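Residue-level listing of the chains:
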Amino acid sequence: TSPETSWQRPGWRTRSACLSADPDLFFPISATAAAAPQVATAKAICAGCPVRSTCLSYAMDHRDLVGIWGGTTFDERRKARRSRARSAARARHAA
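Residues numbered from 1 in each chain as written. Predicted model: local features only at pLDDT ≥ 70, side-chain atom pairs only at ≥ 80, totals over all residues. Heavy atoms only, no water.

Here's the deal with helix α1 (residues 36-47)
Item 1. Compared with an ideal rise of 1.5 Å per residue, which puts 12 residues at 16 Å, α1 spans 16 Å between its outermost C-alpha atoms and is within 8% of the ideal.
Item 2. Taken as a whole, α1 has its buried residues at Val39, Ala42 and Cys46. Each buried residue of α1 lies within a common arc of 65° when the element is viewed along its axis, so the set occupies one face. In α1, the exposed positions angled more than 90 degrees off the buried face are occupied by Pro37, Ala44 and Ala47.
Item 3. Where the residues of α1 are buried, they touch α2 (52-61). (Helix = DSSP H or I, 4+ residues; strand = E, 2+ residues; numbered from the N terminus. Expected span 1.5 Å × (residues − 1). Buried < 20%, exposed > 50% of the residue type's maximum accessible area, 1.4 Å probe, protein only. Arc of directions from axis to C-beta. Contact = heavy atoms within 4.5 Å.)

Below, the structure written as structure tokens:
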């Protein structure tokens, strides 16, 4: 068995800073500049969240999640995944 990741522990979502915020705030209707204020507000809430890293881990492990999770947008998480994959490939080739 693999070790349990932090997002697999029950109850982490009940400690999230976004719990009392408007859920629509975390799901902007577009990725255009018009949505930038909404994204910034959501990210500001995430910045002070006690479970931000757990939330981000959850979002990184669930690739199909849209919206702001762990203070990142879908596109930011996709770029991070690609960067990690490139780094891992370089490390394999260097070994």
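What to know about the nonpolar core
Item 1. Trp12, Cys49, Val51, Cys55, Tyr58, Ala59, Leu65 and Trp69 together form the largest nonpolar core, which totals 8 residues.
Item 2. Sequence-distant contacts of Cys55, that is, excluding residues within four places in its chain, are made with Trp12, Trp69 and Gly70.
Item 3. One finds Ala21, Phe26, Val39 and Ile68 within the second-largest nonpolar core, a separate group that totals 7 residues. (Core = buried A, V, L, I, M, F, W, Y, C linked by side-chain atoms within 4.5 Å.)

A closer look at the state of the cysteines
Item 1. Within the structure shown, the criterion is met by 0 disulfides.
Item 2. Between Cys49, a free cysteine, and Cys18, which holds the nearest cysteine sulfur, the sulfur-to-sulfur gap is 6.1 Å. (Disulfide = S-S within 2.5 Å.)

So, the pattern of salt bridges
Item 1. Applying the stated criterion across every chain, the model contains 2 salt bridges.
Item 2. Lys43 is paired through a salt bridge with Glu76; the nearest N and O atoms lie 2.6 Å apart. Of this pair, Lys43 sits in helix α1 while Glu76 is found in helix α3 (residues 74-94), placing the two residues 33 residues apart along the sequence.
Item 3. Residue classification places Glu76 among the partly exposed residues on the basis of a relative accessible area of 33%.
Item 4. Salt-bridge contacts for Asp75 lead to Arg78; the nearest nitrogen and oxygen are separated by 2.8 Å. With Asp75 and Arg78 both in helix α3 and 3 residues apart, the pair spans about one turn of that helix. (Salt bridge = Lys/Arg side-chain N within 4 Å of Asp/Glu carboxyl O.)

Observations concerning the packing of aromatic side chains
Item 1. Scanning the entire structure with this criterion turns up 2 aromatic pairs.
Item 2. Each ring, one from Trp12 and one from Tyr58, has its centre 5.6 Å from the other, and the planes form 55°; the classification is tilted. Separated by 46 residues along the polypeptide, Trp12 in the segment before α1 and Tyr58 in helix α2 bring together distant segments of the chain.
Item 3. The buried category is assigned to Trp12, whose relative accessible area is 6%.
Item 4. A ring pair is formed by Tyr58 and Trp69, whose centres lie 5.5 Å apart and whose planes are at 35°; its orientation type is tilted. Pair noted here: Tyr58 is in helix α2 and Trp69 is in the loop between α2 and α3, with a separation of 11 residues, a long-range link.
Item 5. What makes Trp69 buried here is its relative accessible area of 15%.
Item 6. Here the aromatic residues Trp12, Tyr58 and Trp69 are joined through ring pairs into a cluster of three or more.
Item 7. Just above the ring of Tyr58 sits the side chain of Arg13; from NZ or CZ to the centre is 4.7 Å. (Phe/Tyr/Trp six-rings, centres within 6.5 Å; stacked < 30°, edge-to-face > 60°. Lys NZ or Arg CZ within 6 Å of the ring centre and 35° of its normal.)

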